[in-house]
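Structural overview for review
Now for the letters of each chain:
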Amino acid sequence: MAQFRRPDIKVFVDGADFETIRTGLSLPVTQGFTTNPSLVSQAGVADYTSYAKEVLALVPQLPVSFEVFSDTPQGMEREAHIIHAWGNNVYVKVPVITPAGESMGPLIRKLSAQGIALNVTCVFTVEQAQIVADALDPATPALVSVFAGRIADVGVDPVPIVEACRDIFKGHPRAELLWASTREVYNIWQAEQAGCRVITAPLSMVKKYNAIVKTGGKDLTELSRDGVQAFMNDIAQAGVKFGA
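In this report, the structure presented in the accompanying data block is examined. (Residues numbered from 1 in each chain as written. Predicted model: local features only at pLDDT ≥ 70, side-chain atom pairs only at ≥ 80, totals over all residues. Heavy atoms only, no water.)

1. Digging into the sheet that holds strand S7 (residues 175-179)
Applied cut-off: For two strands to be treated as a pair, DSSP must find at least two bridges joining them. The secondary structure listing takes helices from DSSP runs of H or I that are at least 4 residues long and strands from runs of E that are at least 2 residues long, numbered from the N terminus. Geometry is summarised by axes, namely lines fitted to C-alpha atoms with helices restricted to the contacting stretch, and by angles between N-to-C directions that run from 0 to 180 degrees. The contact definition used throughout considers only heavy atoms, calling two residues in contact when any of these lie within 4.5 Å.
Around the barrel, which closes on itself, the eight strands sit in the order S1-S2-S3-S4-S5-S6-S7-S8 with parallel pairing between neighbours. Within the sheet, the average angular offset between the axes of one strand and its neighbour, ignoring direction, is 30°. Strands strand S4 (90-95) and strand S5 (118-123) of the sheet are contacted by helix H5 (residues 105-113), whose axis makes an angle of about 160° with S5.

2. Side note on the nonpolar core
Selection rule: Here, nonpolar core refers to any group of buried Ala, Val, Leu, Ile, Met, Phe, Trp, Tyr and Cys residues whose side-chain atoms link them within 4.5 Å. Residue burial is assigned from relative accessible area. The probe radius is 1.4 Å, only protein chains are included, and a residue is buried under 20% of its type maximum, exposed over 50%, and partly exposed in between.
With 66 residues, the main nonpolar core has Phe66, Ile108, Leu136 and Phe169 as its most contacted residues. Setting aside anything within four residues of it in sequence, one finds Leu136 in contact with Ile108, Ser112, Leu118, Ala142, Val144, Phe169, His172 and Ala175.

3. Here we look at the packing of helix H4 (residues 73-84) against H5
To keep it simple, the criterion reads: Orientation categories follow fixed angle ranges, with anything under 35 degrees roughly parallel, anything over 145 roughly antiparallel, 65 to 115 roughly perpendicular, and all other angles oblique. Left-handed describes a crossing whose near helix is turned anticlockwise from the far helix by less than a right angle; the clockwise case is right-handed. When residues are grouped by polarity, Ala, Val, Leu, Ile, Met, Phe, Trp, Tyr, Cys and Pro land in nonpolar, Asp, Glu, Lys and Arg in charged, and all others, Gly among them, in polar.
The N-to-C vectors of H4 and H5 enclose an angle of 20°; their axes lie 10 Å apart at closest approach. In terms of orientation, H4 lies roughly parallel with respect to H5. Here H4 runs over H5; the crossing is right-handed. From H4, Pro73, Met76, Glu77, Ala80 and His81 reach across to H5, where they touch Leu107, Lys110 and Leu111. Residues of the contact of H4 with H5, tallied by class, amount to five nonpolar, one polar and two charged.

4. A closer look at the environment of Glu192
Structurally, the position occupied by Glu192 is in helix H9 (residues 187-194). Residues Glu192 and Lys10, 182 residues apart in the sequence, show an inter-C-alpha distance of 9.2 Å.

5. Overview of the pairing of S7
What counts here: By convention, orient the strands away from the viewer: a clockwise path from the first strand over the helix to the second makes the crossover right-handed.
For S7, the buried fraction is high: five of the five residues fall into the buried class. Here S7 shows no split at all, with Ala175, Leu177 and Trp179 on one side and Glu176 and Leu178 on the other all buried. Sheet topology note: the strand S6 (residues 142-146)/S7 ladder contains five bridges and is parallel. Its bridge partner being in S7, Ala142 is matched across the sheet by Ala175. For the handedness criterion, the β-α-β arrangement of S7, H9 and strand S8 (residues 198-201) is classed as right-handed.

6. Description of helix H6 (residues 126-135)
Filter applied, for reference: Along the arc lie the directions from the helix axis toward the C-beta atoms.
Listed in full, the buried residues belonging to H6 are Gln128, Ala129, Val132, Ala133 and Ala135. Mapping the buried residues of H6 onto a view down its axis gives an arc of 165°, with all of them on the same face. Those residues of H6 hidden inside the fold are in contact with H5, S5, S6 and helix H8 (158-168).

7. Section: H8
The condition is simple: Distance and chemistry together define a polar contact, namely a pair of N or O atoms within 3.5 Å, with one atom able to donate a hydrogen and the other to accept it when in protein, and with adjacent residues in sequence counting only for side-chain atoms on both sides.
For H8, every residue scored as buried is listed here: Pro158, Ile161, Val162, Cys165 and Ile168. For H8, the arc enclosing every buried residue in end-on projection is 110°, short of the 170-degree limit, so these residues lie on one face. As for H8, its buried residues are in contact with H6, S6, helix H7 (148-153), S7 and H9. Of the residues that open H8, the one with a side-chain oxygen 3.0 Å from the backbone nitrogen of Val159 is Asp157.

8. Side note on a nonpolar patch on the surface
What counts here: By definition, no residue in a patch forms a salt bridge, and every one has over 30% relative accessible area; like charges are joined within 9 Å, nonpolar side chains (Val, Leu, Ile, Met, Phe, Trp, Tyr) within 5 Å. Only the protein chains shown count as cover for residues, with accessible areas throughout obtained via the Shrake-Rupley method and a probe of 1.4 Å. When a carboxyl oxygen of Asp or Glu lies within 4 Å of a side-chain nitrogen of Lys or Arg, that pair is called a salt bridge.
A surface patch of nonpolar side chains, about 320 Å² in accessible area, is lined by Val228, Phe231 and Met232. Mapped onto the elements of the fold, Phe231 is located in helix H11 (residues 220-238). Residue Phe231 is classed as exposed on the basis of its relative accessible area of 59%.

9. Focus on the state of the cysteines
Rules: Any cysteine sulfur atom paired with another within 2.5 Å is treated as part of a disulfide.
Using the criterion set out here, one finds zero disulfides in the structure. With no disulfide of its own, Cys122 lies 14 Å from the sulfur of Cys165, the closest cysteine sulfur. A disulfide-free cysteine, Cys196 has its sulfur positioned 8.3 Å from the sulfur of Cys165, the nearest such atom.

The quantities given are spatial measurements derived from coordinates; they are silent on function.
Set out below in structure tokens:
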């Protein structure tokens, strides 16, 4: 078995419910949290501000991303200032475009120039990444979330896209490229190799990664034996027999 190597990348937990956040905090590999409107709605949140304050009481120092809800630049700007005021460790998530396809470059430029740490989300193309890079203030922290998993879901290799985005942000030392919509644990290594400084993943995946880091990996032959044994155990428990 090859020697285990822990990738040099920050791992954020993607989740909104309090149980997920508490469990994520208990894992040594967790270095931040991301949320989104879908996860917030699934968590049954009614009052966004009260919810965010509870989250930040649990996570007072690690970076946490909260997303705007509006679908217009004016609404996003107003909500961005509200979210920014929630805490010094807060990143305001704004989409790179509106649902209608309007570029958020001007708003990103305005908010970043005001010192608001942004997490620019739903980046799918190199062209979108260039718009973000042109708009960000080099002095203001930012995350740029490339939806690598969703790119792969439509049969496109996300790695060349991520690598091109990495090159675009070389002149932005405070902008961190983030691999989003993670689909498997190996994506953590892929993300690091492609130039991402952050990856966000669901809790189940972060748990698996934490176990790998804790044990230093597992021998593949041992995994093979474990797999065969699991098949044997399941068939024995089910009581399935060969017929006559």
